[in-house]
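Residue-level structural notes
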Amino acid sequence: IMKKRYLIPTIVFLLFLCLIALLNINVSTRQGTDYKVSRTTIPLYLKVLNFYNRHYNYKWLAKQITGHLDTKEDKILRLFHWTHETIKSKPKSLPIMDSHPWDVYVRGYGVIDNYHDLFSTLCNYIGTDAFFTVYTNDHDHDIMLSFVRIKRGWVALDPYRGIYFRNHTGGLATIEEIDEQDWHIVKLSQTDISKAYFEQYFDENLPNIIEEIGSGF
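Notes on the structure follow. Since we're looking at a predicted model, the values are computed, not measured. The residue numbering used here restarts from 1 in each chain and proceeds along that chain's sequence as written. Thresholds applied to this predicted model are a pLDDT of at least 70 for local features of residues and 80 or more for the giving and counting of side-chain atom pairs; totals over whole chains, interfaces and linings are not thresholded and use all residues. To obtain the side-chain values, all non-hydrogen atoms of the structure were included, while hydrogens and water were left out.

Re the pairing of strand E9 (residues 163-166)
Note on classification: 1.4 Å probe, protein chains only; a residue is buried when its accessible area is under 20% of the maximum for its type, exposed when over 50%, partly exposed between these limits. Helix and strand labels come from DSSP, where a helix needs a run of H or I of at least four residues and a strand needs a run of E of at least two; each type is numbered from the N terminus. Here E9 shows two buried faces, one formed by Ile163 and Phe165 and the other by Tyr164 and Arg166. Here strand E8 (residues 153-158) pairs with E9 via 2 bridges, running antiparallel. Paired with Leu157 across the two strands is Tyr164, which belongs to E9. Each pair of strands is called paired provided DSSP finds at least two bridges between the two strands. Between E8 and E9, which follow one another and run antiparallel, lie 4 residues, and Gly162 among them has a positive phi close to 70 degrees. In the sheet, E9 pairs with strand E10 (residues 184-187) via 4 bridges, with the strands oriented antiparallel. In the sheet register, Phe165 faces E10, and the bridge partner there is Ile185.

Here we look at the side chain of Asp158
Here Asp158 shows up in strand E8. With a relative accessible area of 0%, Asp158 lands in the buried category. Any pair of N or O atoms that falls within 3.5 Å is considered a polar contact. Within protein, one atom must be able to donate a hydrogen and the other to accept it, and sequence-neighbouring residues count only if both atoms are side-chain atoms. Within the structure, Asp158 has its side chain in polar contact with the side chain of His116 (distance 3.3 Å).

Right, here's the structure in full:
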């Protein structure tokens, strides 16, 4: 009877020791600086804590920005406006950093993909599918767009340049409507970018994007 009495506490204690040993295993984490990736070794428990720290911070930030709004579409547009207005372009004197989207918010500045990474991540945290993709056209400039799912389909937005697209009725233009030429540009700030800037991208890429989204989501 005495042996059975101590058996369970002993097993629990041994499992606890195993857990401590496991959480102290060294793992690597990566960070890019000016397109050079470095690896840092940290304990597993610290990597887990950092993950949950970012996770709950994303939830808090998304709620702070959109908590007063009711519809997903309104929340998406609010996140879009917020990202464009809050994150600043990287000063020339500072390095290009590539780590987690949360770090973009903490720094307050970034390059083009940082805007899209933070915006699409926050869209995920309001329960909306989102991703971003990049394309270099024949004029040697990168076009990066975030694609976000609303009730009517997927819409495209550029939080870096503050540009998105509406259809003839004034609603957000879905990628199918853009493919059918039912779209025009809406700009949050003064820019020389015109509709022609995106036309080649849409003509060459939208059919593939529509097909990939249809099979992957």
